[in-house]
Every structure is written in C-alpha cells, then in structure tokens.
Amino acid sequence: MNLKKIGIKYDAKNSIFSSFILVVLVFVSGCNESEFLEEKPLDFLSPISSYTTFTQFEASINQLHANYRNDFWSTDDINQAPRTLFYGTDLALNDKDLGENPPDYSALTQPASLRILYMWQKLYSLIQNANVIITRADAPSSLLKKEERDVIVAEALFFRALSYKMLANIYGDVPLVLDEVETPKRDYTRAPREQVYRQCALDLEFSIKHLPDISKAQNHRINKEAANHLLSEIYVSFGQWDKAIGAATSTINNPGTSLMKNRFGSRVNDPNYGGDVYWDLFRQGNQNRSSGNNEALWVLQFEFNVSGGASGNANSSNFVLERITLPRLWQARIRDKDGRVRNLLAGGPNTFYYGRGSGFQSPSLYFRTSLWTKSGESDIRNSKFNIVRDFKVNNPQSPSNGNFVVANNLIILNTYTDTDRNFYPVLAKNSTPGLHPRELYAVNQSIPGSLLSTAGTTFRDHYSMRLAETYLLRAEAHLGKGDLVSAAADINEVRRRSKAPDVSSGEVNIDYILDERLRELYYEEFRLLTLMRLGKLAERTRKYNNKFVGATIEDFHNLWPIPLSEKEANTGADLGQNPGY
Amino acid sequence: MEKLLILSKKYGLVPNLNLKMKLSILFIFITLFTLKANDSYAQRTKITLNFNNISVEQLIDIIENTTEFQFVYKIDDVELNRIVSVRAEKENINNLLKRVFGNTQTTFNVSDRRIYLVPRKENTIFASRKSENNFTFLQILVKGVIKDKYGTPLSGANVVEKGTLKGVTADFDGNFEMDLTDKNAILVVSYIGFATKEVSVTGQSNLNIVLEESAAGLDEVVVVGYGTQRKSDLTGSVLRADIKSFENQPNVSLFQSLQGSLPGLNVGQVSAAGDNPSISVRGRTSLSGQQEPLIVLDGTIYRGSIIDINPNDIASVDVLKDASSTAVYGSQAANGVILITSKSGKGPEKVVFNYKSSISVQSPVNELRAASPQGYINKFINGDILLSRLAPDYLQLNPNYDFTNRFKTEDMVDAYENNNFTDWYDLLTNRTPLLNNHNLSMAYNGKSSSTFMSIGYTDQEGYHVGEDYARWNARLNIENRYAEWLTVGVQSFLTSSDFSGLDINLTNRYLPPFATARLENGELNPTPGGTFINPLNDVLNADHQDIRLNIFGNIYAKIDLPFIKGLSYKINYTTNYQNIRENIFKPYGANFQGSGSKENNYQRSYSSDNILTYANSFSEKHNLDLTLLYGFERVKGDGTFSSAINFADPSLGFNGLELGQADLQRVATSAFEESSLYSMARLNYNFLRKYFFTATIRRDGFSGFGRDNKFGTFPSASMAWTLGEENFLKDIAFLNTLKVRGSYGLSGNRTIARYQTQPVVDGGFNYVDSAGNPLYGQNITDLANRDLKWETTAGFNFGVDFNLLNNKINGSIDYYTNTTDDLLYTVRLPEITGFNQLPVNLGKLGNSGIDISLNSINIDTGDFMWSTTFNFSRNRDELITLLGVDNDGDGVEDDLISDKLFIGKQLNSIFDLQITGELFQLNEVIPSGFDVGAFKIKDTDGVDGITPDDRIILGTESPDYRFSIQNQIKYKNWNLMFFINSIQGGKNMYLGRDDLLSWNPISTESVFNVNIPVGVDYWTPENPNARYQKLLINVADGLVGRRYVPRSFVRLQDVSLGYDFDATLINKLHLSKLQLFFSGKNLVTWTKYNGWDPEIGGFDMQGRPALKMYTIGLNIGF
C-alpha cells in the first residue's frame, strides 16, 4: 500500500495520521498469513497421528471386525448382505410384494444394480482398512514392537484374505490391491481368480504363524484355527486338496476344538422349548467358547443396548435374521368359523411366537420338504424344536382360540397366490423365543409376550465359523482327491451329532455335501458364495428353486458381473466383464 | 491526541494478530470512553489566569501547559510577538480568546481541545483555507428544510457535501443542519423517488430546498459494499429493494419482502412458521456448492439466519448482481451479494416513538386433505380389482371380497366395524393459525449523536401442529460524532427465538382412518392400528425446547483525516454469537421407557475491517473515489449432545438425563474453527459525471482451501457512459436520461466447506467383546484432495438505464452472461481404492439472462397518484463441460446420466421416460413389466420395447421467466398497493411432478398402509381414462412412468391498504402519525398445477401448502 503513489502528501508530525498509518501497516504487513489460515482439526482425528501405538492398531483391528459384522450381517436391505447372499439360490425365495422374484433372473444381476455393487464396495473397503494397518505397521511412524507388529498384521491379513476369497467367489477375476491407497488411482486391472486365491493362501500362512491358539485367543478376536479353517476353504477353492486337508485337520485336531454332541448352555432346563443339542447351539449366550462351546471357531459379537453392540444405532441389536427369514405370524389371518377375519395371534408380535418376523425371505420348497426327507426322519435338525411347522391360534376373540392351524385345517388367508409372507415353517435357530429383551415388550401385555415392532432381530451372537463346517470342507477335499471313504467319515461326524443316519461312501458326491451344508449351515454360511465357488449356483437353483428364481437362471450367472459404475470409474484401464453380461 | 500516539507506539508494532485484534478493540473502546465525556471540552473548561505584558507566543505556551488545549496555526498568520495582558477568572476559552485576538488580523476556531488560529477575512465568520497545506476544520453551519413540490417535508432525505463523505439526513419535518468546510460548498440532496438536486450554498445559511419527484430512482445513494455510491454513478448492476411498499405485510422473514420485487433476485415461498424462503441471485453458478447469495449486514458478512433479523429494523436492502459489483467480496461473491442496512436514529432532533402492531389470520391456499374413510376403503376395492370384482369386465363387485383382510391388525377391523374413525389430517393441522406482530421503536437524533432502539415480538402459529414460532428482537444502534473528525457507533441486536414443539412427520397426515387416535376412555391410543406409536404423542406428550439466541454487535469508528480533503478511515469490529439449545424428552420414547436428549451448539464469528477511502474532485472535472480494505474473519463453533433412554424416573425429563439407564447414556461433542483474511482495492473515477470507470481487486484467503491454494484473487472492471448528456442527444425531448453500462469481473464461490481437504480418521465404540464391553475402533474414512479450491465465475454485464417522458417512465435493462470454471464436483473413484469419491475442481458452467425493470407514473394529480412497476427476468444455464470424457467415442463429451448432468443442456434437466398420458386397459395386451392401469410409455429410442434407454430429457425444473407487477395508488389519505408475482414455465420448463407415486408406490402392498388425498382421479374399470394410475400396480423397476407438468402460476401475492388519519386528529391526540392498515398475502393463485403449491412444488405426502394471510394493523408515531 503505497500512499505516495496515490498522491497523498502527509505531515509526519500529524499525530492522527501517524497512529492511523501504524494501525494499517500492522494489519497489512505484520500478520503471518499462513499461520492465521492454518486449518487445525478440532473434533476429528488425523491419519498422521492415529496409527502409531499398539492400542491404536488394535482399535483398527476392532474396526475390521465391526465392518465385517455391520456390512454383511446387520441389515435387512433388499440390496445388501446378508439378504442378497441367500436369495437366488436353492435356499430361499423372497416375498413377491418386495419387488423380487422377477420373471427374469437377469434382473438380479444387472451390472448397474446396487446389489452387485454393494458386495464389491464393502469388500474393497474392508481390504483398504486392512491394507492401512498392514502398510502403516511397517511405516516409520509405527511404534510397534516386532511381536506386536506380527500379531497385528496377522489379523489384518486374515481379513484381507477373507475379503479376497469372497470377491473371487462372486466376481471371479478381481483387481489385487496389497497396499494402502493414498492417492486416487483409476487404472486397475483384474488378477485371475486362482492368483487371488493364492494370495489369500500366502496371507493366511503368515497369519497362522502369528495368531494365538484358539484356547488362548479372546473370543471376539481371530485365532489360528479360524485362519486354518479359512485356509482350507481357500485351498479347496483351487484344488489344493492335500493342503486343504492339512489346514482343516489342524483345526479339527486342535485339542481346544470339538463338536458339541450333548445338550449344553443357557436353556438346557427350559421346560417350554428345546430338546436337542442343535437347538442349544443357537441359544443366547451359547456361542462363545467362554460358554463351554468348543465348536465355535469365530463368533461375531452382538449385544443389545450397548455401544458397539450393533451397527449404527446402539439401542438395538441388528442381527436381523429373525426379521428377514421368519414369517409374519402376527399378521397371519384366519377365516374363522363365524366367517370373520381374525388374527392368528392377537396383540401383535409375540416372543412366544418367535418374535417379529417380517417374512422377507422364506425357505425354498426344497428346503421345507425333500432336503429333510433325503436326510432321514431322525435328523434332529428337522425336529419340531428347530423347524416349527404348526401354531396355535392365540386370540381370545376367536372361536378357534387354542386350535392348531395346520392340524385343525384352519384357513389362512393368503394375500398373494405364489408366496405367503405370514405363514410358513419357522427356523427356530434364527430367533430367541421367550427371551426377547424386556425393553421390547409392548405396554399392553393382555396377550403375554407381546412385543413392539422393533423387536425383529436375533438376540444372540453369530457363528462366523464353526467346526462342523471344517469337517464338511475336509470332506470336500477328500472328495476332490477321490477318497470317498474319508469324505463320508467327515460328513458322518457331522450327521451323527444330529442323530441322522450315516451316509455311505458311495452316496458321497459334491451335491450330497452341498445338501449337508444346507442342512447344517442354513442361514449361517453365505449360501450364494458356496455355490458360486463351486460353480453350482445355476445348476442347483434351477433344480431346487425352479418355480421361482430358478426358472430363468443361466449358467453365466455362476459369477456376478463387474459393477458397471466401477468399470466407468476406472477410467485408466478396462476392467473387462464376465462372460454373459 | 498525544494519548493516541503513545498507544500506537506501544502496541502498533506488536506482530501477533491476536494483539492486533485486541488493539482494534482497544482503539474502539478508547474512542467510546472518550465519547462518554461531554461533547465539548471547551464548554466545560474554565480558565483562570493573570499575566501582564507577555507575548502571544508565551500566552499560547501557558494555555497549552495548564489545560488540554492545543493551538494549531501557521507562524505567518499570527503575530506571535505581540505583547498582551490577560486576566481571566473562571472564564470560557472563547471569551478569553475574543479579547486576545479581538481586533487583530487573526481569528480563532475552537474545536474541542483544538484551537485553530487563522487569518481573518472580511465577510466571513471564520477564515477559509487558502494554501494547500492548510487545515480543514473550519466550519460553516448551514440549516435548511427539504420539501416536495406540495410542501410536504421529506423526512429522511440525504444531504451530502459534494466531493466529501460528509452527510446528514433530514428529520421528520424535513429540517437539517450541517457543518460545511467551504462556504461555497455544493450540497447534493437526494431522496428515494425524487430527482437528486445539487444546491449551491454560496454563503447562505438557511436553505429552502424543493425536490422534484422522479420515479427514476437513479439518484438515490445505494450501498455497494465497503461504501456507498449514487445510483446514477453506478457502473455495475446494483438494485435497491423497495421494502417500504411491503412494510405493511407481516413478513416474518425480511426476505419475504423481497419476493418478486427485484428482477434477478429469486425468492421462494415460505411454507413453515419460522422458515426463511429460498433465495438466489440470477442463475446458477455452481453444481454442488453454495447457491445462496452472501449476506452482508451493516457492512459485515453475516453468518446467522435471516429470520433472526427483525424486518422492521431494516432501512434498506441492496443487491449486487454482476461480477464487477460483487468482486469486492471475492471468493464468496459468485452468487451475488445482499447488503442489509439497519435503521439509524437520524431524523428530527427529538425523540420519536413508533408502535406498530398487526394480527394475521392464515389459511392454506390449497391443501391435499386425506380422503374420507370411504375413500380409504375404495382404495382397497380399486387396488385389488382382481379379487374385489368379478371377471371379465371387473365392473361387478365380488360379494366374497373382504377388504378387512387387508387391514394390518384386528384393531383396525374393530374400528371399521364400530364406525370409529380418526381424521389424522385434521388432528395434525391447525385450521386458522394466527400471526401476531408487535414493534416498538425509538429514534433520537441529537446534535452529535443519534440513537435507534427497538423491541419486537412475533408469534406465528404453524399450519402443522408443533410448528409454532416465536421471536423476541431488540436492537440498539447508536452513532456519536464526538469530534468533527471522529464518529463512533455501534449497531447491535439481540434475538431470542423459540422453535419449541416437535415437528410432526408429515406423512402421518395420511394414516389410515381406522387406526384410531384415542381409546374409548379418551386417552391416547398408545399404538393406533396396533403397529406404530401414536404420533399425537409428539404433539401432546413430548417436552421439546428449541431456543435460539443470536447476538450481533458491530462497533465502528470513522475518522475524517484532517490534513487532506476527502481522506477518511473506518474501522469496524463485529462479533456475532449464536446459540441453539435443543432439549427433548419423550416419555413414550424407547418403547415407553423414556428417551431424552440435550443439545447445545454455539457459534461465534468475529471480524474486523480497516477501510481507507479517499474521495476528491480535481478541477471540477475529475472525480475520484478510492477504497482500500484490509480485514479478517474467524468463525468458531462448539457443540455438545447428550442423550439417555430407559429412565429409572422420568419425572425430571431432559433435566435428569443421568436417571436414564447408566450404560446407555451417550455424549457427542463437536467443534470447528475457520479463518479468512482479505484485502481489497477499488477505484471509482468519473469525468464530468459523464464517463465512469470502476476497477476493483480483492485477494481472499480462507483456511478451508487446500494447502497450496490458500489465496484467490478476483479482479473486475466496469464502465458507464451517460449518453443522454451528450450534445447529440441532449435535445431529444422525451429522453431525460440515458446511460449505458458495461462490466466484466471475476468472483468466487468457496464451495468447499472447512476441513474438506483434510483426511479423516473416524473413531468410536463400534464393536464389543464377548462380555459385552464396548471396544474402540477406528479407520480412515476419506481420501482428501489437498488441492481443492474455490470456483471462479467470470461475468459480463451490459446495462441501459433510461428516463423518459419528463421522468414519467424510467427503467433499466441488463443483459449478463456468466461462466464458472473449476466447478467443485465429486468424481467417482473405483471402489477398489476403498473409497468411492474425491472432490475435485473441474468443468465449466454457463448462464446468461436478462433483467428488466420499468417504472411509470401513470397519473399524478397531487391528490391522486398511481404508479406501476414492472419487473421481468429470465435466465438460462448450460453445463458446458465436466469430466471431458468421451467413452462412447461419438466425439462429444459423455453425459453423466446417473447424476442427471447433460453436457450442453440445462441443469435441473428432467431425464425420464415420457408417458403418453394413456393408461393400459383391461382388454389390452400388456407388455411384460407393465400392469393394467399403468402409464403407457413412449418408445423413443427406435428399438422395439420399452426399456430405460427410452428415457429422454423431458424439460427442466428451472423457470422460463419470471415477472411481477406492482401498482401503487394514493388518494388523499388512502394508500393502496397490490403486487402480482408470476413464474412461468412454458411447455417444458418449471416442471413439477404430478402423479400419485408418493401415495401409490409401485409393486408393494404398502400402498394400503396410508390414505390418499381426497378426490384424486385414479384408474378403475369404471374410470379408464383417469389422470392417475391404478392403485397397487406392478411395474418393473426402471419402467415406472412419472408425469411432469409445468408449475406456471400468477399470484396476487401482496395487497395492502393503508389509511393515514388527518393531521388535525393526530395533533389532538398528540401523535405524529396514526395509520390503520389492512393487508393480504397470497390472496389468489392462478395455476393449472395440481400439487400443493406451484411455487413450493411437490405432489407428495410430505408436501406443504402455501399460506394465505389476512392482516389488520395499526401504526402509531408519538
């Protein structure tokens, strides 16, 4: 600011002007501009300081667990996991008025569809979170000791391998990113599916070396046998039968693991329910090893009304299988003897009627019938406790009050002709009858056990990996090798626990194993992934769910397409597309 | 003055900015403190002395040493060696000096502590300056009265000494008093609606000035940002709002008074109590950034809500539209600038009180009420036609059909059978909500100080229950001139507003009528229909407080620098403190175990500007006005939120959150800080007031910009030529004035908010261990772009101002075009990176348009006056380029269909399937994916069959043009104003949805969970040519047809009728003013649009009506 330039003469003696000039000059020149304009975050953390100490790295590991639980097991959204990973298989069909069951299977697998993007997005996000840990554990800013570093990286690698396994299952060839992404990149190319599986195996070999033994590990963290279990599935996935058998055997032979063969846990003495060990496996508090359960390898933790107990809203527990898979019994209507329409269940959802199902997905007709006929009547997994097929009218207004619906031939009013949201067999494993939290009880208890409409979640922890599946994975490996006798032996380990008759080695084939997995692991494994891994999705869906989703499925549907928006965003290289899309 | 100098020395060199800030505060406080002292030191000081035979020089020394007086003189002008004898006993300095200099060549002038000794000249009371290095504190007092040609005093007229910034305002009787520096000064007298007049003082001390009416308004002084300018001198596009015409409207928000009244200023309709209307200037300059103009209140950027400003306190609103005018606000100016100036106490030299009160009755212009119980039942019968009716023509009802099957619960069946229904729409709306306004103000103008004080109270009931709004305002504006060269003032307000009452979820208006609100015993039904929690709980049982406080204070000092004419300095310091407290307790929350929360957010912004101005004329031809600015701003925020559920004892409500379940008490905290630093220079120059030139440049720094882009620079230049003054046009009789203007400038839009360039680690208790203990988790949630910066808009404006037919018609036409570069756009990243987006600056957006304003005085007979104002504006925007990607290889940049962005097309384009208007009928072959009663779709892509590829651009949501007509009719004491406002869309612009999809979602039985609006024309077998689709239809995703129709409307938006009682009555009552007024708002709306309101838009369950208002009010001055 040159005052002379604009022609002002001034008298330096003049006190007003001097003071004014000083003020102006101070403002103009005296200020350190960059200091004044420096931006200091006040209420959020910066990456620079957040990945240094062991505690901070552990917090980042906790987040991987939270991501996995929240992204794949915590919503009832039609386009998100877990719903998309059950539907369109031999397991489940969706209620018609939810906009699915389209005439054409292709509508489910449009490259532009949200459900196709969802899995891709969440898995790569999980991979980036793991990569941040892996990269920063070795960065100069890291304060980790060698052994701390190894155990942290081992757990991060487990999640990375799990994510890549799922990606390869669903999309086949996918881009492999093994470092933290710090600058925008748009030129990814896809690695072959087998290379992806091999990378997973490599990662897990490291994990197994450094993760704690299952008997020493904390319940909510990853242990060595969980890693071995995953490793055996990955080896199975690309035909490394011996290595798969080795990894599975390590888990099976660990003295800390065994199938639960006798009744146990929280509701052994409940007079109203139960009756077998398969029922006990899925009761509240029975999943973690700390409850005496040695079958669990990795348990996802849910807790009602606790911060971190569920995704998003702390005041709920959104393990939503009850809502997704159980019928809306509380909306079921009967045409009563007097001609009037009445509710099967007065007073709304009821804990004694398996809570607040919403009937989004019901089991396929195959699951309801032939699957069990094939297995044999003695199979406790089809006991009246585990699959509940008839219900008493509970409506004081009704002349039929106290009568069973099926046994007494009461007419259930169907809104739709092909599926029924309100009345179908209840899968008890997905609910906690009689034990919904008191906070969710309705005010009006004139019908005891009446619940609020917010009660639709499964109030227990969830097996992410269970030893029964390890046996079935090893059976798959034996089958792959051609050792049918060992395969049958592993399958029978699982069947005997459920009092089901043995399978002979001659009967064992991949479809038998898939049937057995359906019986043992329904709504526990991501059915879609298992079928995709084996390339059996189209075949089995066509065969066992033909009336609905299977009618128009084609072989190319064994892989999902690469999401369209992803191809568009990757402007520097062509991601290509899976055949058929 | 020595004091000041010392202070400057002591603090002036301290480099730390905080200290600098303190310094400016201190500076102002000192001036304020000295201000408290009485106006004249000279009047107070009594001198006692007794000296014989001393020289004048010695006497001066003695007086300077024993008092605070300082003598200022040139040695040549005073006979310092003259010997005098002085004796004084408690004498006034004036008397003393009179005796000393009584018959000498020297005379004196006392100004506070200063005594100027100057040579005496004949015929003047005080000597005038002569040499260039002289002092300019010599004063000539001039008095005068300003009236119109009918002799009505023009209270509030401006009087400015030409070539200086000195000015006064005439009082209620048109009187003014002013100190001049030159006996030959020229006074520039201006008043809104009158032609500005230049009056030569030439020694007169009592002036009688008569102003001629002029509708041109070209001569008023407008605020242009860091200064004012005569409208006739403008080179850019600046408009002053006519807020006076709307002052009898009970507008709760100041912006409502601007609705439609200025071409190029787009103000929306208010639909909820306590809401501000949407506002924008000209066309869009940003895709994702801020779209609202910058608000400047009393010279300072205002970060608060406009609703907190009492419209009754506002003296003027000026709008800067083109880039050359807005460039002085740099990186925040691209959307235009609105300058709001509050009232001052200038007026008569006495206390004037004014009380204004009004009461209004509101009612909806148009509402979509829920259907009757029978209408609801028909919904089932007409939705379920396959079940409810008999094949083949489905005209016969199926006797076996029982719609109660469809009811969600037996409670609803019971309610139906007992004919027990609930009108939810009625329960959740108020039929005639009231609006109350009270304002009391006091204005005082003293010799050296003026004060404006006001308190106001507004209480507005909402159309929807729970939406009530109440506001208390207080304002205090004081300006004090405690020396001829120093003016210090404060402009401050305090607003406390009450938004308490939970807003209802508007979809609840359409709850099924058989979900009963109350039980037989009259108590609330806790779960109507057996499924949801009664929404009346929110109205009746929730304890909700939403109390907001806004305190604004602007302290300023203006110093006319003494040694050179026209140089002055202004410093201001503004602080604005805003606090929002929101407390909620719902005893029925958390499954009837109680939920509560307490939230406290505060924001404080403070800023200071140093403004140096120099204005002067050279050889009566060259007029120069230079402004230099340096300033800073800082905004800080801080918030706490705490909540609890499951209360052990709910009786303390939200004041006992600690009684909630211990492990479910939650807390969340937030804070932020942002800083700006700026400097600006502006030069206004004109030659003979015929050729005008303005150039500005602003340098703007903002903490939120990326590391390497902390500062942006925004230059502009503009020119104007008063063509009408040229000889070749001077003789055209009908042309009074003609001026052309042209401008070009750059202005910015910050677009990016604070912290947007920073990567974020999100941490929280996100997981649990097997014992249920929360575990802390963290991850990186954003990939940040460190290079983000502002958007830059380059604007060209060309305008013509004219005044015709003896000033009967005047107006202006502006054509403009803007191009915005570096648009903030979030580009997609492959999810493979773990992130999906990155904000970047790219692309180019253009908009251009025309603004026309015409005023005419149709009739003016003295008693009867009728004038009309017509405004017209139109704007077109176009996305010129964005990503620059051509993946499909057609040589043209690809559109971004997913974001509905089309290169070369307008923003807000509607890209969808085109319906034919026909519906599929029962006897037709219906293609796969469609249903009977569904819209037929036009096949546009030439490929057989309807697919999403048949989507085309159907038009745009943006208006085609807007216009308004304002008529003002005065007859004796009556004053009638009516204002018509219109937005037009033609065939395919200003489109809005017109289909039932909000109530009739596709392919789901949830369509039966809600009621529908009464009387809608939907498809049934008996009504095959309906406007809307059949209820409950199955249409494949991507094939759903939607109807878009123009929302064009013409609205009689404001009418007001005022009656001023006769002077005789007023005098009898000892009042100065007594006016009764009636006004109406949104009285008639002409439109074909079917939805809630064409201007608000929307045809859906969440829609809101516009409100009609009838007001009666009283205005008393005393």
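Look up: the structure comes first, before these words.
My aim in this report is to walk through the structure given alongside it, one point at a time. Numbering of residues starts from 1 in every chain and runs along the sequence as written. For this description, chains carry letters from A and ligands carry numbers from 1, given in the order in which they are written. Reporting in this predicted model follows two pLDDT cut-offs: at least 70 for local features of residues, and 80 or more for side-chain atom pairs to be given and counted; totals over whole chains, interfaces and linings ignore these cut-offs and use all residues. Calculation of side-chain values draws on the structure's entire complement of heavy atoms; hydrogens and water are dropped beforehand.

### Thoughts on the overall build of chain B
Counting from the N terminus, the helices are the DSSP runs of H or I reaching at least four residues and the strands are the DSSP runs of E reaching at least two. For chain B, the count of helices and strands is 14 helices and 53 strands. Taking 2.2 N^0.38 as the reference for a compact globule, 1118 residues should give roughly 32 Å; the C-alpha atoms of chain B span a radius of gyration of 35 Å, in line with that estimate. Taking the principal axes of the C-alpha coordinates as reference, chain B spans close to 130 × 80 × 75 Å. Counting every position in chain B, which comprises 1118 residues, the buried fraction comes to 56%. Considering only residue pairs separated by 6 or more positions, chain B has 68% of its internal contacts joining residues 24 or more positions apart. Accessibility throughout is a Shrake-Rupley quantity obtained with a 1.4 Å probe, and a residue counts as covered only by protein chains that appear here. For chain B, the exposed surface amounts to about 45800 Å²; the carbon and sulfur share of it is 52%. Under this rule, positive means Lys or Arg and negative means Asp or Glu; His and the chain ends count for nothing. All charge positions are set by atom: Lys at NZ, Arg at CZ, Asp at CG, Glu at CD. Separation between the mean location of the 104 positive side-chain charges and that of the 123 negative ones in chain B comes to 10 Å. The reference for a compact globule is 2.2 Å times residues^0.38; the radius of gyration itself is calculated from the C-alpha atoms. Buried residues are those whose accessible area, probed at 1.4 Å on protein chains only, stays under 20% of the maximum for their type, while exposed residues exceed 50% and partly exposed ones sit between those limits. Contacts are assigned to residue pairs with any non-hydrogen atoms lying within 4.5 Å of each other.

### Notes on the packing of helix α16 (residues 484-497) of chain A against helix α17 (residues 510-521) of chain A
Residues and elements named next belong to chain A. Fitting a line to C-alpha atoms yields each axis, with helices limited to the stretch in contact; the angle taken between N-to-C directions then spans 0 to 180 degrees. Between α16 and α17, whose axes approach to 11 Å, the crossing angle comes to 30°. What the angle tells us is that α16 and α17 run roughly parallel. Considering only the axes of α16 and α17, their crossing is left-handed. Taking contact as the criterion, the partners of I491, V494, R495 and R497 in α16 are, on α17, Y512, I513, E516, R519 and E520. When its residues are assigned to classes, the contact of α16 with α17 shows four nonpolar, no polar and five charged. Angles are sorted into four bins: roughly parallel if under 35 degrees, roughly antiparallel if over 145, roughly perpendicular if 65 to 115, and oblique for all others. For any helix crossing, the convention is left-handed if the near helix is rotated counterclockwise from the far helix by under a right angle, and right-handed if that rotation is clockwise. Three residue categories are used. Nonpolar comprises Ala, Val, Leu, Ile, Met, Phe, Trp, Tyr, Cys and Pro, charged comprises Asp, Glu, Lys and Arg, and polar comprises the others, including Gly.

### Brief notes about helix α5 (residues 93-101) of chain B
Turning to α5(B), its buried residues are I93(B), L96(B), L97(B), V100(B) and F101(B). All buried residues of α5(B) lie within an arc of 110° about the axis, which places them on one face of the element. This arc describes the spread of directions from the helix axis toward the C-beta atoms.

### A closer look at the sheet that holds strand β21 (residues 337-342) of chain B
Residues and elements named next belong to chain B. When DSSP locates at least two bridges between a pair of strands, those strands are taken to pair. The strand order across the open sheet built from five strands is β15-β20-β21-β18-β19, with neighbouring strands paired in mixed fashion. Looking at strand neighbours, the two that pair on one side only are β15 (238-240) and β19 (300-301), the edges of this open sheet. Here strand β18 (residues 294-297) runs beside β21; their pairing, made up of four bridges, is parallel. The residue bridging L297 from the neighbouring strand is I340, located in β21.

### A closer look at the sheet that holds strand β3 (residues 333-335) of chain A
Strand-to-strand pairing in sheets goes through backbone hydrogen bonds, with the strands running parallel or antiparallel. Residue and element names in this part refer to chain A. Read from one edge of the open sheet, three strands run β4-β3-β7, paired in antiparallel fashion. Two strands in the sheet have a free side with no partner beyond their single neighbour: β4 (341-343) and β7 (411-412). Across three bridges, the pairing between β3 and β4 is antiparallel. What sits directly across from I334, in β4, is R342.

### Structural notes on the pairing of strand β38 (residues 774-780) of chain B
Residues and elements named next belong to chain B. Counting buried residues along β38, five of its seven residues qualify, which places the element largely inside the surrounding structure. For strand β37 (residues 761-768) and β38, the ladder comprises seven bridges, and the chain directions are antiparallel. Looking across to β38, one finds that G764 is bridged to G777. Here β37 folds back onto β38, and the loop between the two strands holds five residues, one of which, G772, carries a positive phi near 85°.

### What to know about empty space enclosed by the protein
Residue and element names in this part refer to chain A. With a 1 Å grid spanning the protein atoms alone, the term cavity applies to any set of points in which a 1.4 Å probe fits but cannot get out, the term pocket to an open set with protein on both sides within 12 Å along at least five of seven lines, and the term lining residue to any residue with an atom within 4 Å of a point. Grid points are joined across faces, edges and corners, and a volume is the space filled by probe spheres set on the points. Under the criterion given, the structure shown has 14 cavities of 30 Å³ or more. Roughly 280 Å³ of internal volume is contained in the largest cavity. Lining the largest cavity are 21 residues; nearest its centre among them are E233, S464, E469, E525 and F526. Counting residues per element, the ones that place at least two in the lining of the largest cavity are α4 (54-73), α7 (146-171), α9 (224-237), β9 (462-466), α17 and α18 (527-533). The biggest single contributor to the lining of the largest cavity is β9, with four residues. Among the residues making up the lining of the largest cavity, the classes are represented as eleven nonpolar, three polar and seven charged.

### Section: the pattern of salt bridges
Close approach of charged atoms lets side chains of opposite charge pair. Residues and elements named next belong to chain A. A side-chain nitrogen of Lys or Arg and a carboxyl oxygen of Asp or Glu constitute a salt bridge if their distance falls within 4 Å. Within this structure, the stated rule accounts for 86 salt bridges over all chains. Between K146 and D150 there is a salt bridge, and its shortest N-O distance comes to 2.5 Å. With K146 and D150 both in helix α7 and four residues apart, the pair spans about one turn of that helix. Its relative accessible area of 57% is what places K146 among the exposed residues. Of the charged contacts, one joins R517 and E525 as a salt bridge, the two residues approaching to 3.1 Å between their closest N and O atoms. Taking the relative accessible area as the measure of exposure, R517 reaches 0% and is therefore buried. Judged by relative accessible area, which is 7%, E525 ranks as buried. Through salt bridges with shared partners, one network takes in D90, K374, E469, D511, D515, R517, E525, R527, K536, E539 and R540.

### Some words on the packing of aromatic side chains
For any pair of aromatic rings, geometry is given as the distance between the ring centres together with the angle between the planes. When two rings of Phe, Tyr or Trp (its six-membered ring) have centres within 6.5 Å they constitute a pair, described as stacked for plane angles under 30 degrees, edge-to-face for angles over 60, and tilted for the intermediate range. Counted under the stated rule, the structure contains 72 aromatic pairs over all chains. Ring geometry for Y457(B) and W472(B): centres 4.5 Å apart, planes at 40°, overall tilted. Of the two residues, Y457(B) is situated in strand β26 (residues 449-460) and W472(B) in strand β27 (residues 469-483); the sequence distance between them amounts to 15 residues. Looking at Y457(B), the relative accessible area reads 21%, which means it is partly exposed. In this structure an aromatic cluster arises from ring pairing among Y376(B), F380(B), F403(B), F407(B), Y416(B), F514(B) and F1008(B). Directly above the aromatic system of W279(A) lies the positively charged group of R283(A), at a separation of 3.7 Å from the ring centroid. Any Lys NZ or Arg CZ found within 6 Å of a ring centre and within 35 degrees of that ring's normal is scored as a charge over the ring.

Honestly, it's all geometry; don't read function into it.
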